[in-house]
Each structure stands twice: as structure tokens, then as C-alpha cells.
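The primary structure of each chain is shown beneath.
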Amino acid sequence: MIPFQYARADNVADALRLVAAQQGAKFIAGGTNLLDLMKNNVEAPTWLVDISRLPLTTVEETTSGGLKIGALVPNSDLAWHPLIEQRYPMIGSAILAGASAQLRNMASTGGNLLQRTRCNYFYDTATPCNKRQPGSGCSAIKGFNRNHAILGASDACIATHPSDMCVALLALDATVHVMGQNGTRTIPMAEFHRLPEDKPEQDTNLQPNEMITAIELPPAPFTRNYTYIKIRDRMSYAFALVSVAAALELEGGVIKEARLALGGVAHKPWRDKTAEDALKEQKPEQANFVRVADVLLRDAKPQKDNGFKVELARRVIARALTQAARGTPQVQSDKNIQ
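Draft legend 1. Geometry of helix α14 (residues 308-326). Its 19 residues place the ends of α14 27 Å apart at the C-alpha level, agreeing with the 27 Å of an ideal helix rising 1.5 Å per residue. Taken residue by residue, α14 has Lys309, Val310, Ala313, Val316, Ile317, Ala318, Ala320, Leu321, Thr322, Gln323, Ala324 and Ala325 as its buried positions. The secondary structure elements touched by the buried residues of α14 are β9 (226-231), β10 (242-251), β11 (254-263), α12 (273-279) and α13 (286-296). Remark: Gly327 follows α14 within two positions and exhibits a positive phi of approximately 70°.

Listed below in C-alpha cells is the structure:
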């Protein structure tokens, strides 16, 4: 048993004060990832600051017509929230594609953004891992790397980001609200997570001791022509080999705007606006979808065990765009279970 201290915060300011006062302190809400990391000796916080009872559990309309989601809204509540179902159904679809119902009941919206990789070498403390111990090496590069990155990787790390929800948030241009000792700021979803480069231990661009307080969604027209497809080794409770969030705005028989984000292929949810721009003013046809998949995957660099991901991603991108164009989104397996 690794000893640690525990404190429950009464408000956001109290939480920030407590975590800043103790070296090695961590926020904990649902704990669905952090507790796993502690059990596997990957992380050993000296203090846990419980923020689960802070008043960050609402979903509110913004003056611009978007939504502001509190960081502590449980994933299950968010997936089934009426405003999400009406205005941002892609998010609900992505959430329901991830984890189990029990985990979704505990997992928080803010915590989902902070999930760490599920790379087996990251969890195995007997093997070198630059994310656990910078400079020790990446065991996955010469090891078994079937599930690892084909885009944006570096010589220091080829791990992938595990979240489904984050892929949809990226496609929808979400913004992350954070608070720290120096005040509040916002981070575009596209800039929240980091590529590994030479600092794979840094998953996000959060500053030390900053806390996510909310996620804001802009007004979005993608309520009909969208889909979220997740390809995995089994139908439930498995991380994505490849996932695709696709949304189209159609007008006059052509694509007015396109959104396309990938999961399971990089250290962060992956989006390339060059590929999206290539779809503008094009007809929603298979040939154009295949062409844009090639644009998205033009820099893919597979490892020895995951070359299949390139062709898999190409096919899933085309399939997702076809579903979005037809207005026939992928039905998740437990969509009718609440």
C-alpha cells in the first residue's frame, strides 16, 4: 500500500489552494483512470484532493446559442442530456461507444479529457517508458505495437490517446475552460492535448495545478448529417483501433462544411483541416470521400505490427462520411439502454 493523504475541497478556490500546497497532489473526481494508475504503481500521488462535490455539474445554454458543460457532469448524464441529444448527438454517440455503463456513470467530463494512454508498456513498470520516466526509452517502438500510433508519433513515444468523447469534441470545435492560481483561461480543444515530440510525459497544455472547470460547445448545425464509428477488437469495453467522428453541412447538393476527427491513431485526437477543406463545394460521393481519406493519412507512418491501421482508417473514414451524408449515424450497441 502506498500511503497518501486525502482532502475534500469545498469550492474551486479551495481545491486549487489544496493541490498547490502539496507537492505531488492530484485532483480526483470519478477516479476511473487515476485509481487504475495508482493500483498499477504508475502514479503515486502524495495527496488526493476530492473535487467530486464541487458545483460543476450543470449543462447550460450560452448566450451565443452553444452549451457550457460542467467538468463534473458524469459521462452517462451528458450522453443522455436532452440538449446534447437535440443539438450535439455526435457527443452522445461517442460517449456510448466508450467504456461500460458502470464506468460512464462514474467518469466525469473533465476527467475524460485527462485520461492517460492505455499503452501496455506505460502500465508495466518493469519496462522502460518515456511517459513514466522521461529519458528511459520507449519499449513499444521495438515491442508489440499493434494498437499504437500511425500519425504524429515521435522517437520518444508512439502511444495513442484513449478517449472517444474527445474525438467528437475536437470535431465540434469545443473549448476547454480552466482555472488556476493565476485566474481563468480557455484552451481550444485542438490545442488542449499535445503530440509526444520529445516530452511525451506531458499529455496536455494545462499548467501545473490548473483544473478543468467546463467545456464549451459553439453553435453547431451538425444535428442530422453526422456519425461516430469506432472499430475495436470486440463490441464492448475496448479501446479504438480506429475511430472517426464525421459531420457534414450540405447545401444545394454539395458539402458546405465538413468536420472530421480520428481516434486511436495518434497521441491526441487527430484532425486535419486541410482534409476538411478538400471536401468543401464537393459532392458527397464515395470518390471524394476516398480522396479525402488519402489526404488525412498522407503522413501515416505505421509500426511493424499496425500497418493494417492505415487501410482500416481509410475505409472507416469513407464509411463515416457516407453515413454522415445519408443522415444515418452509427447506432451504438446500448443506445436503447438507460
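Draft legend 2. Representation of the pattern of salt bridges in the model. Taken as a whole, this structure holds 22 salt bridges when the rule is applied. Glu251 is the partner of Lys256 in a salt bridge, and the nearest nitrogen-oxygen pair spans 3.6 Å. Close ionic contact of Glu311 with Arg315 constitutes a salt bridge, the shortest N to O distance being 2.9 Å. One end of the pair is Glu311 and the other is Arg315, both in helix α14 and 4 residues apart, which spans about a single turn. Salt bridges here are not isolated pairs; linked through shared partners, they connect Lys26, Glu43, Arg116, Lys131 and Asp203.

Draft legend 3. Geometry of the layout of surface pockets. Of the pockets and cavities examined, the second largest pocket occupies roughly 210 Å³. Lining the second largest pocket we find 16 residues, and of these Leu56, Lys68, His177, Thr213 and Ala214 sit closest to its centre. Residue assignment for the lining of the second largest pocket shows that the elements contributing at least two residues are β5 (67-70), β6 (175-180), β7 (183-188) and β8 (211-217). For the lining of the second largest pocket, the class distribution of residues is 6 nonpolar, 7 polar and 3 charged.

What counts, and where the lines are drawn
- Residues numbered from 1 in each chain as written.
- Predicted model: local features only at pLDDT ≥ 70, side-chain atom pairs only at ≥ 80, totals over all residues.
- Heavy atoms only, no water.
- Helix = DSSP H or I, 4+ residues; strand = E, 2+ residues; numbered from the N terminus.
- Expected span 1.5 Å × (residues − 1).
- Buried < 20%, exposed > 50% of the residue type's maximum accessible area, 1.4 Å probe, protein only.
- Contact = heavy atoms within 4.5 Å.
- Salt bridge = Lys/Arg side-chain N within 4 Å of Asp/Glu carboxyl O.
- 1 Å grid on protein atoms, 1.4 Å probe; cavity = no way out; pocket = protein on both sides within 12 Å on 5 of 7 lines; lining within 4 Å.
- Points joined across faces, edges and corners; volume = space filled by probe spheres on them.
- Nonpolar A, V, L, I, M, F, W, Y, C, P; charged D, E, K, R; others polar.

Function-wise, these values are silent; they only describe arrangement.
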